[in-house]
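Below are the chains, spelled out letter by letter.
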Amino acid sequence: MSELQREVSELERKSATAARLFDIRLIIGGLFTLYGIIVTIAGIMASDADLKKAEGVNINLWTGLGMLALGLFFLLWLKLRPIAPPTPAEDA
């Protein structure tokens, strides 16, 4: 294999790695999961005064669980359907 071919294949590998690293599903899933954990903990720690303000509904707990479920959905989607590496254009 020539030096040029090795260099091209190395750049293609790096490009595929960068595409997987900056996949929007990873960013959205990670942020929703992180914020979901934080809001769920805030819901678990809610005081009686907080619940009274929300008319008895633990809105932080329900919102946090929803965010957590959405974040895990995005991460699962990323795991099950990863981005296919770009195929090199073939010369005619």
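Preceding block: the structure.
What counts and what doesn't
Residues numbered from 1 in each chain as written. Predicted model: local features only at pLDDT ≥ 70, side-chain atom pairs only at ≥ 80, totals over all residues. Heavy atoms only, no water. Patch = residues over 30% accessible without salt bridge, like charges linked within 9 Å, V, L, I, M, F, W, Y side chains within 5 Å. Areas by Shrake-Rupley, 256 points an atom, 1.4 Å probe, with all protein chains shown as cover. Salt bridge = Lys/Arg side-chain N within 4 Å of Asp/Glu carboxyl O. Helix = DSSP H or I, 4+ residues; strand = E, 2+ residues; numbered from the N terminus. Buried < 20%, exposed > 50% of the residue type's maximum accessible area, 1.4 Å probe, protein only. Phe/Tyr/Trp six-rings, centres within 6.5 Å; stacked < 30°, edge-to-face > 60°. Lys NZ or Arg CZ within 6 Å of the ring centre and 35° of its normal. Expected span 1.5 Å × (residues − 1). Contact = heavy atoms within 4.5 Å.

J.: Looking at this model, I keep getting lost on a nonpolar patch on the surface. Mind explaining?
T.: A contiguous nonpolar surface patch, about 630 Å² in accessible area, is contributed by Ile 24, Leu 26, Ile 27, Leu 31, Leu 34, Tyr 35 and Ile 38. Looking at where Tyr 35 falls in the secondary structure, it is placed in helix H2 (residues 24-44). Using a relative accessible area of 43% as the deciding quantity, one classes Tyr 35 as partly exposed.

J.: It is not clear to me how unusual backbone geometry should be interpreted in this structure. Could you clarify?
T.: Glycine aside, the phi torsion of most residues is negative, and most peptide linkages are trans. Notably, Glu 55 is not glycine yet its phi reads approximately 55°, a positive angle. Mapping Glu 55 onto the fold places it in the loop between helix H3 (48-53) and helix H4 (59-80).

J.: How do you make sense of the packing of aromatic side chains when you look at a structure like this?
T.: We describe a pair of aromatic rings using the distance from one ring centre to the other and the angle between the two ring planes. One pass over the structure, following the stated rule, counts 3 aromatic pairs. Aromatic side chains Phe 73 and Phe 74 sit 5.8 Å apart centroid to centroid with 75° between the ring planes, which places their arrangement in the edge-to-face category. Classification of Phe 74 as buried rests on a relative accessible area of 16%. For the cation-ring pair, Arg 25 lies above Trp 77, with the distance from its terminal atom to the ring centre recorded as 5.0 Å.

J.: Mind showing me how you'd approach the environment of Met 45 here?
T.: Inspection of the secondary structure assignment puts Met 45 in the loop between H2 and H3. Residues Met 45 and Asn 60, 15 residues apart in the sequence, show an inter-C-alpha distance of 9.5 Å.

J.: For this particular structure, what's the right way to read H2?
T.: Residues spaced three or four apart along an α-helix face the same direction, because each turn holds 3.6 residues. Its 21 residues give H2 an end-to-end C-alpha distance of 30 Å, which sits within 8% of 30 Å, the value for a rise of 1.5 Å per residue. On the buried face of H2, the contacting elements are H4.

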